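# Residue-level structural notes
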Amino acid sequence: MDIGEVPERKAMRRADAPGKAILFGEHAVLYGAPAIAIAVDLRASFSAVESDRWRLNGEDFKPVENPYLSPLISEFGDFESPLSLTIESDIPIAAGLGSSAALSVASALAISSHSQSPEKLARAAHRAEALAQGGRASPTDTSTSALGGAVIVAPSIIKSLEHQWSIDMDGPDGTKHWDVHSLPIPESLAEVPIVIGYTGIPSSTREMVEGVAARMSSVSFRLSMDDVSNLARSSIDLLKTGNPSLIGNEMIRCHDLLREIGVSSPELDNLIDAALPFSYGAKLTGAGGGGCIIALATDPNACAAAIIEAGGIPFITSFAQRGVQLTIT
Ligand code: PMV
């Protein structure tokens, strides 16, 4: 390079996406019930800049050897040169907060040289999730990360909600159909602080959904699952009211039902007991077995202190109206 020549600076594409918590309908969403999820302001970001060779967080990296990234790179990666990639995330991994979904939608957007619709990103990230979960994965996490706000995934279109897209997927239990709807979080609810309590115990979504699938052959188990489904159905209208006390009460009921179907744990129950005196309501979120609880807090600092006292790791956060977004610098 001649002296004084300014090196061409490559633009950096940085995409970030929120994690999610499920308020109602986890597990049941794989068997015809709706799930109601909200985006939370713990975010994962993925930066990409053209480079002389492939790197991930500064280390040499072979994209073809990475099972999560390689299908996304094949579909979205349209740069001619290799990329240097950097991942940063506030979202605990394997903890029911949709960390892998947030990273998938963010990475697909960052490695593409042009804009992408939330639908296309969510569909691709859902295929990656389904692969990782042995074919049993609803589009709840990936749609919520892509769209932000509140997302309702249901087996058919709900006319009173904004319908976004439909998904059909073949899996071990046959073909599943989901309709993805979005809803801005009502103001009265959006201002309620959220406290997440992490047990510190990671949990495998794949193992949890396989355990539930095995127990679905028992009639009494299916009856308990029906209660989880019915509560999720009746909670859609409740979410629209934005009343935190009513929603909190139903979250407590939902946690009790999830405990009945065997997806809670002593550590999760312990964190719920600690959080409830400072909350409208609290429940486990996601696959369960370990991972996190979510509390709609009345006193977030006291709630976080009680979670620490009970042996958990708290995160004080808020609802996230924004889904995946791109910054180019
Ligand atoms: O624990 P997470 O964040 O992977 O959420 C899983 C939610 C389930 O309903 C159990 C599975 C699914 O794909 O919807």
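What you see is a predicted model, and the numbers here were worked out from it, not measured in a lab.

A few words on the overall build of the protein. A count of helical and extended segments in the protein gives ten helices and 13 strands. On C-alpha atoms alone, the protein measures out to a radius of gyration of 20 Å, which is about the 20 Å that the 2.2 N^0.38 rule sets for 329 residues. The dimensions of the protein, computed from C-alpha atoms along their principal axes, are 75 × 45 × 35 Å. Relative to its 329 residues, the protein shows a buried fraction of 54%. The contacts in the protein between residues at least 6 apart in sequence include a share of 76% that link residues at least 24 apart. In the structure as shown, the protein presents an accessible area of about 13,800 Å², 52% of it carried by carbon and sulfur atoms. Computed over 24 positive and 39 negative side-chain charges, the separation of the two mean positions in the protein equals 4 Å.

On to helix α7 (residues 219-241), then. Compared with the 33 Å implied by 1.5 Å per residue over 23 residues, the 34 Å span of α7 between its first and last C-alpha is a close match. Of all bends in α7, the biggest is about 35 degrees, found at Ser 235. Count one or two residues on from α7 and you reach Gly 242, which has phi positive near 70 degrees.

Within the secondary structure, His 255 is located in helix α8 (residues 244-260). Look past the residues within four positions of His 255 in its chain and what remains in contact with it is Ser 264, Asp 269, Ile 272, Ala 282, Lys 283 and Leu 284.

Here the protein is described as being made up of domain 1 (13-185) and domain 2 (187-317). The centre of domain 1, based on its C-alpha atoms, is set 22 Å off from the matching centre of domain 2. If you look at the interface, domain 1 gives 38 residues, while domain 2 gives 43 residues. Counting each side, the surface lost to burial between domain 1 and domain 2 is near 3,100 Å², with a carbon and sulfur contribution of 73%. There are one salt bridge connecting domain 1 and domain 2. The salt bridge partner of Lys 283 is Glu 26, with a shortest N-O separation of 2.8 Å. Put simply, domain 1 and domain 2 have eleven residue pairs in polar contact (both at pLDDT 80 or more) between them. Considering only residue class, the side of domain 1 that touches domain 2 consists of 26 nonpolar, seven polar and five charged.

Okay, the packing of helix α1 (residues 69-76) against helix α2 (residues 99-110) next. At their nearest, the axes of α1 and α2 sit 9 Å apart, and the two run at 30 degrees to each other. Every pair of crossing elements has a handedness; the one defined by α1 and α2 is right-handed. Contacts from Leu 69, Leu 72 and Phe 76 in α1 reach Ser 104, Ser 107 and Ala 108 in α2. Here the contact of α1 with α2 is built from residues that sort into four nonpolar, two polar and no charged.

Our next topic: the site of the ligand. Every one of the 16 residues lining the ligand counts as a neighbour, but Lys 20, His 27, Ser 138, Thr 205 and Ala 287 are closest to it. The contact in question runs from an oxygen atom of the ligand to an N or O atom on the backbone of His 27, over 2.9 Å. The contact in question runs from an oxygen atom of the ligand to an N or O atom on the side chain of Asp 141, over 3.0 Å. Here the ligand has 380 Å² of accessible area as a free molecule, and 95% of this is covered by the chains. When residues of the shell around the ligand are traced back to their parent elements, those giving at least two are β1 (13-24) and α6 (205-215). Of the residues contributing to the shell around the ligand, the split by class is six nonpolar, seven polar and three charged.

A few words now on the pattern of salt bridges. Counted under the stated rule, the structure contains 15 salt bridges. Here Asp 41 makes a salt bridge to Arg 43, at a shortest N to O gap of 3.3 Å. Relative accessible area serves as the criterion here: at 32%, Asp 41 is assigned to the partly exposed category. Arg 253 serves as the salt-bridge partner of Glu 250, at 3.3 Å between the closest nitrogen and oxygen.

Moving on, we get to the pairing of strand β11 (residues 292-297). Within β11, six of the six residues are buried, leaving the element largely enclosed by the surrounding structure. Strand direction decides the pairing type here: strand β9 (residues 194-198) and β11, joined by five bridges, are antiparallel. Within β11, the position partnered with Tyr 198 by the bridge is Cys 292. Two elements, strand β10 (residues 279-285) and β11, share six bridges in a ladder whose sense is antiparallel. Residue Gly 281 lies in a different strand from β11, and its bridge partner there is Leu 296. The antiparallel hairpin formed by β10 and β11 contains six residues in its connecting segment, where Gly 286 sits at a positive phi of about 90 degrees.

A separate point is helix α9 (residues 266-275). Among all positions in α9, only Leu 268, Asp 269, Leu 271, Ile 272, Ala 274 and Ala 275 are buried. Where α9 is buried, its residues meet β9, α8, β10, β11 and α10 (300-309).

Another aspect to go through is the side chain of Ser 224. With respect to the helices, strands and loops of the structure, Ser 224 is situated in helix α7. Not counting residues up to four positions away in its chain, the partners in contact with Ser 224 are Glu 260 and Ile 261.

Basis of the calculations
- Residues numbered from 1 in each chain as written.
- Predicted model: local features only at pLDDT ≥ 70, side-chain atom pairs only at ≥ 80, totals over all residues.
- Heavy atoms only, no water.
- Helix = DSSP H or I, 4+ residues; strand = E, 2+ residues; numbered from the N terminus.
- Rg over C-alpha atoms; globule rule 2.2 N^0.38 Å.
- Buried < 20%, exposed > 50% of the residue type's maximum accessible area, 1.4 Å probe, protein only.
- Contact = heavy atoms within 4.5 Å.
- Areas by Shrake-Rupley, 256 points an atom, 1.4 Å probe, with all protein chains shown as cover.
- Lys, Arg positive; Asp, Glu negative; His and termini not counted.
- Charge placed at Lys NZ, Arg CZ, Asp CG, Glu CD.
- Expected span 1.5 Å × (residues − 1).
- Bend = angle between axes of the 7 residues up to and from the residue.
- Domains from an automatic or database assignment.
- Buried area = accessible area lost by both parts, 1.4 Å probe.
- Salt bridge = Lys/Arg side-chain N within 4 Å of Asp/Glu carboxyl O.
- Polar contact = N/O pair within 3.5 Å; in protein donor to acceptor, adjacent residues only side chain to side chain.
- Nonpolar A, V, L, I, M, F, W, Y, C, P; charged D, E, K, R; others polar.
- Axes fitted to C-alpha atoms, helices over the stretch in contact; angles between N-to-C directions.
- Left-handed = near helix turned anticlockwise from the far one by under 90°.
- Near = heavy atom within 4 Å.
- Pairing = 2+ DSSP bridges.

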